[in-house]
Amino acid sequence: MTRCIVFANRKGGCGKTTSAVNTAHCLAAKGRKVLLIDIDPQAHATISTGKNPGAQSRGIYDLLTGQAGLEETITRTDLKNLSIIPSSPDLTAFEIDFSTCKGSENILSEKILSRAMEFDYLILDPPPTIGLLTVSALVAAQEVYIPMPMHFLAMEGLAEMMRLIYKVNALWNPELRMKGIIPTFFNKNTRLAKEITEDICKNFGKDRLLPGIRMNISLAEAPGYGKTVIEYAPQSSGAKDYMALAEKIDRK
Ligand SMILES: Nc1ncnc2c1ncn2[C@@H]1O[C@H](COP(=O)(O)OP(=O)(O)O)[C@@H](O)[C@H]1O
Ligand SMILES: [Mg+2]
C-alpha cells in the first residue's frame, strides 16, 4: 500500500519543508521508494534536493494544468530511492486561475494516485497558506503530520488545522487523518514546551505526539547546498532527530 502523507500547517517557518525533505530522505535511506511532491511555488523542497526551480523541464505546474503527464514530471534525485516532482514560481498561476473552478481540489489527487503504486510513500510539501494548493494536498493524502514550534499561540493554530481537516473530511476526503504533531525548534527543558506537549497528549492522545526536532543549525544550512541534512551533516542532532521521526512514521 502506498502511503500518501502531507506535512501541513497554516503558518510559514514552522518546519514543514524541512520535515518533508528530511523525512523523505530518511525513509528512502531505509530502502523505501519515496516520491516527494513539491506543491509550494516557493519551491524550497525542490531547492533542498539540489534542483533548480524552473530549470527542470517538467514540474507540478505542468502536471496540474494538464501540460505534462505524471511520468514526465517525476524527476530522479542523486539520492537512492528518492524522486521528486519539482515546483517553480509559476505554480502561483494555478492557484489564481483554478481557485474558482468547481472540482479543482481533486485535480492533484486524480493526477498522482494513478501511478502511486510504484512508491511506498508520496510526501507532499504544501505552501504556508490555506488556499487551493494546501487543500489539494489534503484531498490527495491519507495522513497529515503537523510540524509545530512550541509557541504561545501554537494550540490555536492546531485547532484551526483540525477544523480544516474536518472540512476536507466532510467535503472531499473522508479517509484523511491527523496522524501526528511534530514539535519543531524543540527544547524539551522549557516550561512552555512542557505545557504544550502535555496539552497535546491530553487533547489528542499520547501516540499523536511525535519525537521532537531540536533547533539545529545544520538543518538551516543544508538547503543552501542543495542537500538534505542526512547528506550534509549526518552526525548532527538534526539528522538524528529526523531519523527517529521517520522511524516512528514508518512504523505507524
Ligand atoms: N529544527 C530546526 N533548527 C534550525 N533551523 C530550522 C529547523 N527547522 C527548520 N529550520 C529553518 O527554519 C526555516 C523555516 O523552515 P521551513 O521548513 O522552510 O518552514 P516552512 O516550510 O514551514 O515554511 C528554514 O530556514 C529552515 O532551514
Ligand atoms: Mg515550506
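Residues numbered from 1 in each chain as written. Chains lettered and ligands numbered in written order. Predicted model: local features only at pLDDT ≥ 70, side-chain atom pairs only at ≥ 80, totals over all residues. Heavy atoms only, no water.

Where an unreviewed UniProt entry is consulted, the protein chain appears under the name AAA ATPase-like domain-containing protein, with the organism given as Desulfonema limicola.

Asks: Looking at this structure, how should I read the side chain of Ser 104?
Replies: Summarising the element assignment, Ser 104 is placed in the loop between helix H5 (91–98) and helix H6 (107–113). Once you skip the residues sitting within four places of it in the chain, Ser 104 turns out to touch Phe 98, Ser 99, Leu 132 and Ser 136. (Helix = DSSP H or I, 4+ residues; strand = E, 2+ residues; numbered from the N terminus. Contact = heavy atoms within 4.5 Å.)

Asks: Just to check I follow, could you spell out the pairing of strand E5 (residues 121–125) for this structure?
Replies: The side chains of a regular strand alternate, first on one face of the sheet and then on the other. Most of E5 is tucked away: 5 of the 5 residues are buried. By the bridge criterion, 4 bridges tie strand E1 (residues 3–7) to E5 in an arrangement that is parallel. Across the sheet, residue Cys 4 finds its bridge partner in E5, namely Leu 122. Pairing between strand E2 (residues 34–38) and E5: 5 bridges, direction parallel. In the sheet register, Leu 35 faces E5, and the bridge partner there is Leu 122. (Buried < 20%, exposed > 50% of the residue type's maximum accessible area, 1.4 Å probe, protein only. Pairing = 2+ DSSP bridges.)

Asks: How should the packing of helix H8 (residues 154–171) against helix H9 (residues 191–204) be read in this particular structure?
Replies: Geometry of a packed helix pair, given as the angle between the helix axes and the separation of the axes. Where H8 meets H9, the closest approach of the two axes is 11 Å, and the angle between their N-to-C directions is 30°. Judged by the inter-axis angle, H8 sits roughly parallel to H9. The handedness of the crossing between H8 and H9 comes out as right-handed. Contacts between H8 and H9 pair Ala 154, Met 155, Leu 158 and Met 162 from the former with Ile 196, Asp 199, Ile 200, Asn 203 and Phe 204 from the latter. Here the residues of the contact of H8 with H9 are counted per class, giving 7 nonpolar, 1 polar and 1 charged. (Axes fitted to C-alpha atoms, helices over the stretch in contact; angles between N-to-C directions. Parallel < 35°, antiparallel > 145°, perpendicular 65-115°, else oblique. Left-handed = near helix turned anticlockwise from the far one by under 90°. Nonpolar A, V, L, I, M, F, W, Y, C, P; charged D, E, K, R; others polar.)

Asks: Got a minute to help me understand the sheet that holds strand E3 (residues 75–76) in this structure?
Replies: The strands that make up a sheet are held in pairs by hydrogen bonds between backbone atoms, and each pair lies either parallel or antiparallel. With mixed pairing, 7 strands are arranged side by side in an open sheet as E3-E4-E2-E5-E1-E6-E7. Edge positions in the sheet fall to E3 and strand E7 (177–184), since each of these pairs with one other strand and no more. Each of E1, E5, strand E6 (143–149) and E7 is contacted by helix H12 (residues 237–251), which is oriented at about 135° to E1, the strand it contacts most.

Asks: Which parts of the structure should I look at to understand the site of ligand 1?
Replies: The immediate surroundings of ligand 1 are formed by 14 residues, with Gly 13, Lys 16, Thr 17, Thr 18 and Asn 216 found nearest. Asn 216 places a polar main-chain atom, nitrogen or oxygen, 2.9 Å from a nitrogen atom of ligand 1. Here ligand 1, which alone exposes 550 Å², has 79% of that area covered by the protein. Elements supplying a minimum of two residues to the shell around ligand 1: helix H1 (16–29) and helix H10 (217–221). No other element matches H1, which puts 3 residues into the shell around ligand 1. (Near = heavy atom within 4 Å. Polar contact = N/O pair within 3.5 Å; in protein donor to acceptor, adjacent residues only side chain to side chain. Areas by Shrake-Rupley, 256 points an atom, 1.4 Å probe, with all protein chains shown as cover.)

Asks: Is there a simple way to think about a nonpolar patch on the surface in this case?
Replies: There is a patch of nonpolar side chains on the surface, built from Phe 152, Leu 153 and Leu 192 and spanning about 340 Å² of accessible area. Examined against the element boundaries, Leu 153 turns out to sit in the loop between E6 and H8. (Patch = residues over 30% accessible without salt bridge, like charges linked within 9 Å, V, L, I, M, F, W, Y side chains within 5 Å. Salt bridge = Lys/Arg side-chain N within 4 Å of Asp/Glu carboxyl O.)

Asks: Please clarify how the nonpolar core should be interpreted in this entry.
Replies: The nonpolar side chains of soluble globular proteins are, as a tendency, buried together. Within the largest apolar cluster, 48 residues are counted, with the highest numbers of intra-cluster contacts made by Leu 64 and Leu 124. Each residue touching Leu 64, except ones within four places of it in the same chain, is listed here: Ile 39, Leu 91, Phe 94, Ile 107, Leu 108, Lys 111 and Leu 133. Counting residues in each nonpolar core, the second largest holds 28 residues, with Leu 79, Ile 84, Tyr 121 and Leu 210 among its members. (Core = buried A, V, L, I, M, F, W, Y, C linked by side-chain atoms within 4.5 Å.)

Asks: For this particular structure, what's the right way to read the environment of Gly 69?
Replies: Structurally, the position occupied by Gly 69 is in the loop between helix H3 (60–64) and helix H4 (70–73). According to the relative accessible area criterion, Gly 69 is partly exposed, its value standing at 27%. Between the C-alpha atoms of Gly 69 and Leu 82, which are 13 residues apart in sequence, the distance is 19 Å.

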